[in-house]
Each structure stands twice: as C-alpha cells, then as structure tokens.
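These are the residues of each chain, in order.
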Amino acid sequence: MKRFLSPIILLWVVTIVLCIITAYTVFDRVQADRSETIRDAQRENEIYCRAFEQDVSRSIASIDTMLLFLKAHYEKDLHVTSDIQSMLSVLRQRPIFHIVGLVDAQGVTVASSEEVFRPVNIAEMPHIAVHRVSTQADLFIGKPIRGRTTGQTSIHFSRRMNNPDGSFAGVVVAAVDPDYFSSFYEGLELGPSHGVTLIGLDGIVRARYLAGSREIGQSVTGSQIFRLIPAQTSGSYSSRGVISDRSRLISYRKLPLYPLVVTVGVDESHAMAGVERRKVRYYATAGLFIVLLLGSVGGFSQLLKRNQTLLRQSDESLQAIRKSSAQTIQTLASITEKHDPYAAGHQRKTTELAVAIGLQLELDPERLERIRISAALHDVGKIAIPGEILSKPAVLTPIEHDLVKLHVSEGVEILRAADLPKQVVTAVLQHHERLDGSGYPLGLGAGQICLEAKILAVADSMEAMLSHRPYRVALSVDKALAEIAAMQGSAYDPVVVEACITVFREQHFQFGS
C-alpha cells in the first residue's frame, strides 16, 4: 500500500496545483480583457469628443462672427441700417436660430429676425443685465432659458453694444436652438448607449442627447469632471452619471476659447457586454476543464486538450479586439465622408488602387495592410476643415487652399489619438509630399518619403483626376495616366508610376461600385 501512496498523493498535488493555476489564469484573462475593452471604449470616446469639440467651436465662432457684424453696423450709426435688416432676413431662414435681435439701452428690441417684428421689453433677461453692468464686449453664453419673444428654450449668445463714449448702447443677441449642438452625432448612429453633452463651466447643461432625451438646464456641478478640469483640460474617466444615475465611461474636452466643456459617454454596461459574455465562456470552460482533470487525474492528454481550449478562447478575444480596431477605422472614414460630400467614396477608391499598386510591387502582407489603413484614413483630417470650403462648387482661393492643407496635420493628430501604428501615421503625414520637395507639409525630398506615402500619393492623384468635381469634369484613364507619367521623377516615384500604369493597362483595373 505504501508503494502506491506517494505517487497518488503527488499526482493529486500536481492536479490541485494545475487547477489553481487554471483558475488564476482565467481570472487574469478576464481582468485583462476588461481593462483592454475599457481602454478601447475610452479611445473611441476621445476621437468622437475631439470631433464634437471642433464642431461646437466652429459653430460658436460662426455665431460670434454674425453678432460682431451686427454690432459693428449698429455702433457705426446707432440705428438699424439696411445692412442689418438684410442680415436679419438671411438669419431668419437658418434653423439654428430661434431669433436674432438688437436691444437698445432700455432693454427694448429695436430689430429682430422675426418675419413680423414686434418690440418687446426684455430688460430683465440675464444677458441684458450682464452687459449693462460690464464694460467688457466679450461674447456671453447664457444658460438655457425660455425667451420672452419666441417662448422657446434657447441658449442666448450676446455681445454688448457701446455708444461712441463707451457707455451702454444695448445688446445684440442670438437665441440658438440647443438641439443644434447635440444633433451633430445623431447621423453617426452611435446607438442608444452613447450620449453627448455640452456643459458650461458654471455647471449648467447647455445641450444634451442620450437615448433620445434632450433634457437641458440641469446642474452637474457635483460631477467628477469639475474636479478634473482644473488640472487637465481633456481626459477620460468612469463615473456614475449625475443625471442618468448610470455608470458611464466618459471623455471630456474643455473648449479653448469658450467657457464650455463637451463630453461623449457610453454606458459601461453596454461597453462591457462583450466582456461579460466572454467571462461566462471563460469560467464555464475553466470549470469544465477542472472537473475533467479531477475526474481523470492520470489523463495528461486531457490536460493538454483543456489548455488548448483556453488558448483558443484567448485567440477569439484577440480577434474581437482586432475587429474593434477595424470598426474604429471604418467609423473615422465614415465621419470624413459625412463631413465632405464631394469626397464620398474617394477614400475607398484610393484604397482599392493603392492596394492594387502594392500587389503589383509584390509587397508583403503586413506592408499591404499598412497601405490599406493609410489610404482608408488619409483624408480624416478634413473633419477639422469648414464644410463650406470642402463643398465649395468652384476653384478654391489661395487662403482656402492653405486651410485645406491643414487636413494633413489634423489627420495625424487624430490617428495618434487613436493609437494607430507609427507607419500608418507617417504615410498619412507624407502623402502630399513630392520627390522634388514641392509638397507639403514638410517639403520632404525623394529619399525622405516612405514607400507607402509614395504609393498613396499616386493613388490619391489618380482617383481625384478620374472623379467629377463641380468645377471640372473627370479625365479619361489615358489622360490621367499621361498626367501621372509626365510628373514621374519630379513629383511621383517612377517605380510606383510604372506599377500604376501596369495595373490599369495590363490588369484592366476598375474601381468597385
């Protein structure tokens, strides 16, 4: 009996140790999966939050430009001119405004964008009181309140108007629909679990959209965001919502020029749904493995089989993470095309041609994947360029062209924030560089430009020439190839140009529908 006791005890000790290791491994995998999923959700939130901040900033700048126009014309003659009336007529057609008006020093409206103007005394309104006592002419962004004239809840943007001696002459004010700011993300189909909020530094919600709800005016001064902003003007955190009382993953950015903060959040339960499903699978698999191991202590083959099952589950988790990255790339590409209507399909077609050229050059699969991602996102920076410039149905002015050039550096910042590979970021940064140093933004020479960027430059130019624009017709394939060939050696890499010509003329390349 003693002969068999030690081997049996040893076998059970080994089995128990293996069970403990298995349980710890699964627990560690679940925790790592949870941490990775939170990082992915926060990274996605940060991308959306940056785009939301830029959209809000551009909208407010446009509103302020209009207010400054009306202020300047009124202060010039201290009465309502025809130019002011014309501007108010134009603003009447814009759905962003509930009403735009000019108020005299007594608080009575002297002109407005109403179709039928009716003077109203609004001297007790907060924005009138603020400008009456303050000599500063800065833009004032009020809390959401119901207007005396329209009866609608609005965010009042206003500026003080002065007499020639600097005394108070009145106020120019725009009552803006709060839904205008939150509607930016409705078209992105983020789902009911996502929400966007525009908050003043006074803690009052100016605009909000979450699961169809647009409630505004609440105070969120107790939110964690107001403890973070003094030390860091942008970031991410997890917290239970002050309004929704649900645990949410939130990213925020303080607007640099205005006393406002934008946030983008997602319900933590929604973000972690996949983790919870995988956790059940992990623990079920581990439990089954332990039962089988204890039931057949001598079955080392069974142990190997169970370990392989765990490895397969880990591979599935990795595939899920890769799929999440692919969805982020697709979302960025979709945002770009929604912002620039004339670029619809441009990134997709550029991607098809760039990959075809890479295949002709017999590049390895890893490099082809970098080319695919770079081409799919090469114009993502255009979300930072005003839409009226991108959709202008005419040749751009030099100033407008310089603004469009900024899409390269803006795109690089977005891709870095998304934590994409360095080679992808470099290719996007260099895709407008030319061999002779005439490109932008860095003016690099032939030996300084990476191959991915050289391929992207040719594919980008070819697709642009083959596409119709409001200010010119599309070129034929032969004319476009002739243009590219004429600039090989000076603008484009000769090897890449030759590959492009081969793809079209010998392989009869066509863009997908």
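Quick caveat: nothing in here was measured; it's all calculated off a predicted structure.

Peer 1: Outline helix 14 (residues 422-430), listing residues and values.
Peer 2: Here helix 14 has its buried residues at Val424, Val425, Ala427, Val428 and Gln430. Buried residues along helix 14 sit against helix 10 (365-376), helix 13 (407-417) and helix 15 (451-465).

Peer 1: Got a sec to walk through the packing of aromatic side chains? Specific residues and values, please.
Peer 2: One pass over the full model with this rule turns up 5 aromatic pairs. Look at Tyr180 and Phe181: their rings are 5.8 Å apart centre to centre, the planes differ by 80 degrees, and that puts the pair in the edge-to-face class. Summarising the aromatic geometry, the rings of Tyr237 and Tyr252 are spaced 6.1 Å apart at their centres and angled 55 degrees between planes, so their arrangement reads as tilted. On the criterion of sequence distance, the pair formed by Tyr237 in strand 9 (residues 234-240) and Tyr252 in strand 10 (residues 247-254) is long-range, its members being 15 residues apart. For the residue pair Tyr237 and Tyr252, the accessibility class agrees, reading buried in each case. Members of the aromatic cluster, connected to one another through ring pairs, are Phe157, Tyr180 and Phe181.

Peer 1: Requested: an account of the side chain of Arg160, with residues and values cited.
Peer 2: With respect to the helices, strands and loops of the structure, Arg160 is situated in strand 5 (residues 153-162). Within the buried core, Arg160 has no salt-bridge partner, and the shortest N-O distance to an opposite charge, that of Glu75, equals 7.1 Å. Only 2.6 Å separates the side chain of Arg160 from the backbone oxygen of Ser134, close enough to count as a polar contact. In this view, Arg160 contacts Lys71, Glu75, His131, Arg132, Ser134, Thr135, Gln136, Ala137, Gly166, Ser167, Phe168 and Gly170; residues no more than four positions away in its chain are not counted.

Peer 1: Explain the sheet that holds strand 7 (residues 194-200) to me, and be specific about the residues and the numbers.
Peer 2: With antiparallel pairing, 5 strands are arranged side by side in an open sheet as 8-7-11-10-9. Two strands in the sheet have a free side with no partner beyond their single neighbour: strand 8 (205-210) and strand 9. The mean angle between the axes of side-by-side strands here comes to 20 degrees, regardless of whether they run parallel or antiparallel. Bridge count for strand 7 against strand 8 is 5 bridges, and the pairing is antiparallel.

About the thresholds
Residues numbered from 1 in each chain as written. Predicted model: local features only at pLDDT ≥ 70, side-chain atom pairs only at ≥ 80, totals over all residues. Heavy atoms only, no water. Buried < 20%, exposed > 50% of the residue type's maximum accessible area, 1.4 Å probe, protein only. Helix = DSSP H or I, 4+ residues; strand = E, 2+ residues; numbered from the N terminus. Contact = heavy atoms within 4.5 Å. Phe/Tyr/Trp six-rings, centres within 6.5 Å; stacked < 30°, edge-to-face > 60°. Lys, Arg positive; Asp, Glu negative; His and termini not counted. Salt bridge = Lys/Arg side-chain N within 4 Å of Asp/Glu carboxyl O. Polar contact = N/O pair within 3.5 Å; in protein donor to acceptor, adjacent residues only side chain to side chain. Pairing = 2+ DSSP bridges. Axes fitted to C-alpha atoms, helices over the stretch in contact; angles between N-to-C directions.

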